[in-house]
Amino acid sequence: MPRKKITDWSNFQDETRAIRAGHVRGPENEHSEAIFATSSFIFEDAEMAAAKFEPDSKGNVYSRFTNPTVRTFQDRLASLDGGEACIATASGMSAILLACMGLLKAGDHVICSRSVFGSISIFFSKIMSRFGIDTDFVSPLDLEGWQQAIKPNTRMFFAETPSNPLQELIDIQELSQLAHRNNSVLVVDNGFCTPVLQKPLSLGADVVVYTATKYIDGQGRCVGGAVVGDQKRVGDEMFSIMRTVGPAMSPFNAWVFLKGLETLSLRMNAISVRALELAGWLEARAEVEKVFHTGLDSHPQRELAKKQQKAGGGIVSFRIKGNKEQTWNFIDHTQLMSLSANLGDAKTIITHPATTTHGRLTQQERDESGITDNLIRIAVGLEDLIDLKADLEKGFASLK
Ligand SMILES: Cc1ncc(COP(=O)(O)O)c(C=O)c1O
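The shown structure was predicted, so the numbers you read here are calculated from the model rather than taken from an experiment.

Would you take a moment to explain the nonpolar core for this structure?
General note: in soluble globular proteins, nonpolar side chains tend to be found buried as a group. Formed by 34 residues in total, the largest nonpolar core has its most connected members in Phe73, Leu77, Tyr215 and Ile216. Elements with a minimum of two residues in this core: α3 (68-81), β1 (85-89), α8 (194-197), β6 (207-211), β7 (225-229) and α10 (251-283). Here this core takes 8 residues from α10, the largest share from any one element. When we break this core down by domain, the ones giving at least three residues each are domain 1 (14-260) and domain 2 (265-397). In terms of nonpolar packing, the next biggest core, distinct from the first, is built from 28 residues, Cys100, Ile120, Met128 and Met242 among them.

When you look at the domain arrangement of the protein in this model, what are you seeing that I'm missing?
Many authors give the size of an interface as the accessible area that is lost as the parts come together. Here the protein is partitioned into domain 1 (14-260) and domain 2 (265-397). In this structure, domain 1 and domain 2 have C-alpha centres spaced 27 Å apart. Every contact between the two is made by 38 residues of domain 1 and, on the other side, 40 residues of domain 2. When domain 1 packs against domain 2, the two sides together hide about 3,300 Å² of surface, and 55% of this comes from carbon and sulfur. Taken together, the connections running from domain 1 to domain 2 amount to 2 salt bridges. Between domain 1 and domain 2 we count 17 residue pairs in polar contact (both at pLDDT 80 or more) in total. At the level of elements, α1 (14-20), α5 (118-127), α7 (172-181) and α8 are the ones that each hand at least two residues to the side of domain 1 that touches domain 2. With 4 residues, the top contributor of residues to the side of domain 1 that touches domain 2 is α5.

Even after reading the chapter, I still don't get the sheet that holds strand β3 (residues 134-138), so can you show me in this structure?
Two modes of strand pairing occur in sheets, parallel and antiparallel, and in both the strands are linked by backbone hydrogen bonds. Pairing in this open sheet of 7 strands is mixed, and the strands run β1-β7-β6-β5-β4-β2-β3 from one edge to the other. The two strands at the open ends of the sheet, each matched to only one other strand, are β1 and β3. Ignoring strand direction, the axes of neighbouring strands in this sheet form an average angle of 20 degrees. As paired strands, β6 and β7 are joined by 4 bridges and run antiparallel to one another. Residue pairing across strands places Thr211 opposite Gly225, the latter belonging to β7. Of the strands in this sheet, β1, β4 (154-160), β5 (185-189), β6 and β7 touch helix α4 (residues 92-103), which is tilted by about 155 degrees from β6. Contacts from helix α9 (residues 231-245) reach β1, β5, β6 and β7 within the one sheet, and its direction differs from that of β1 by about 30 degrees.

I tried to follow the packing of α4 against α5 on my own but got confused; where do I start?
Interaxial distance between α4 and α5 falls to 11 Å at its minimum, and their mutual angle equals 30 degrees. Seen from above, α4 lies across α5 with right-handed handedness. Together, Met93, Ile96, Leu97 and Cys100 of α4 and Ser119, Ile120, Phe123 and Phe124 of α5 make up the contact between the two elements. Of the residues in the contact of α4 with α5, the class split is 7 nonpolar, 1 polar and no charged.

What counts, and at which threshold
Counting restarts for each chain, with residues numbered from 1 along the sequence as it is written. Two thresholds apply to this predicted model, a pLDDT of at least 70 for residue-level local features and 80 or more for giving and counting side-chain atom pairs, whereas whole-chain, interface and lining totals are computed over all residues. Side-chain measures here rest on the full set of heavy atoms in the structure, leaving out hydrogens and waters. Residues belong to one nonpolar core when they are buried, are Ala, Val, Leu, Ile, Met, Phe, Trp, Tyr or Cys, and are joined through side-chain atoms within 4.5 Å. Note on classification: 1.4 Å probe, protein chains only; a residue is buried when its accessible area is under 20% of the maximum for its type, exposed when over 50%, partly exposed between these limits. Labels follow the DSSP assignment, with helices taken as runs of H or I lasting at least four residues and strands as runs of E lasting at least two, numbered in each case from the N terminus. Residue ranges labeled as domains rest on an automatic or database domain assignment. We call two residues contacting when some pair of their heavy atoms lies within 4.5 Å. Buried surface area refers to the total accessible area, computed with a probe of radius 1.4 Å, that the two partners give up upon joining, counted for both partners together. A pair is scored as a salt bridge if a Lys or Arg side-chain nitrogen falls within 4 Å of a carboxyl oxygen belonging to Asp or Glu. Definition of a polar contact: a pair of N or O atoms within 3.5 Å, with one able to donate and the other able to accept a hydrogen when the atoms are protein atoms, and with sequence-neighbouring residues admitted only if both atoms are side-chain atoms. Paired strands are those between which DSSP finds at least two bridges. All axes are obtained by fitting lines to C-alpha atoms, using only the stretch in contact for helices, and the reported angles, taken between N-to-C directions, cover 0 to 180 degrees. If you view the pair so one helix is near and one far, a crossing is left-handed when the near helix is turned anticlockwise from the far one by less than a right angle, and right-handed when it is turned clockwise. Residue classes follow a fixed rule: Ala, Val, Leu, Ile, Met, Phe, Trp, Tyr, Cys and Pro count as nonpolar, while Asp, Glu, Lys and Arg count as charged, and any other residue, Gly among them, counts as polar.

Okay, here's the thing in structure tokens:
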């Protein structure tokens, strides 16, 4: 007797859906998801070709529009996030571009958290402004500031939570209510928590964007991104922009990200435990001025973190007691941790945000965002903490 196939994954737990949702097995009965490395798809006859080009037609035509491997990734991520639709993109930045193209038009106004990834603030302040979309930046911590920045033409609130690298949180529920009362949508960048640790849609956000390059991949191999949300805005409107404009994810990258999703929960939990222990260890050091991690009792928004995140994630930032030269010297004396600007890898990464990821901001913008010269970011990976602490000891020794 043929076994019945599961088609609805909504009653399964997250860890099960991360491994199985979205996979429609092909005629070869493959167990692992297949990579459909094809740019186009063939039609049985001319009539079928014409039908596939009808606006509402389903089925594959060309991989800028749809591809079965990419679709499996999209369906799996949408399922984990509790969204109706997902569009995979070539990078995290193109996910943000797509979300803005779908949700905004010339003349609209955006309010963006001041504590966002450097390229995101440049995207809004220098690129979107050329297309008639103005942005005001406000502190993520000050709801009053968001309220005061609202204009009659405000249509989007954009925030990253927790922020990079200082781990500031926005209250997704409160901010979404403010956005909705003012004819706006809330877009949340959930790249640091992933749906394993935080589900912004269930807290009221309208659209979630991801850099899949980070934790979803998990081993630093591919660049990619995704937008998740409802069928109308994401599944229909953004999809129709996507198929024309074309920042599509490649099938190979989608396959790598699918494999990443299978271990995402294990990795996010293990990384969070390591990061919190490392944060506590750093906090006890006399050479350290301040440590930033949402799992620490000293985090000013600890209660909010407990409310909206399952754990603190893998980013630990800290300020040493020293100037820029001493901070660079500290970093240069570590050996095991990779000196790189990426994060979300099994390999722990050490970064100097002020001169790399946030180096394109003006001094004033860095000052306002708290990206000081003595700040170091560690994106904790999966190595043994004994070795990570020993590596940091080499940095501390350089301060003597
Ligand atoms: C929070 C956040 N969002 C978006 C991006 C952009 O993602 P990508 O590099 O995949 O374009 C990054 C990259 O570091 C990021 O840290």
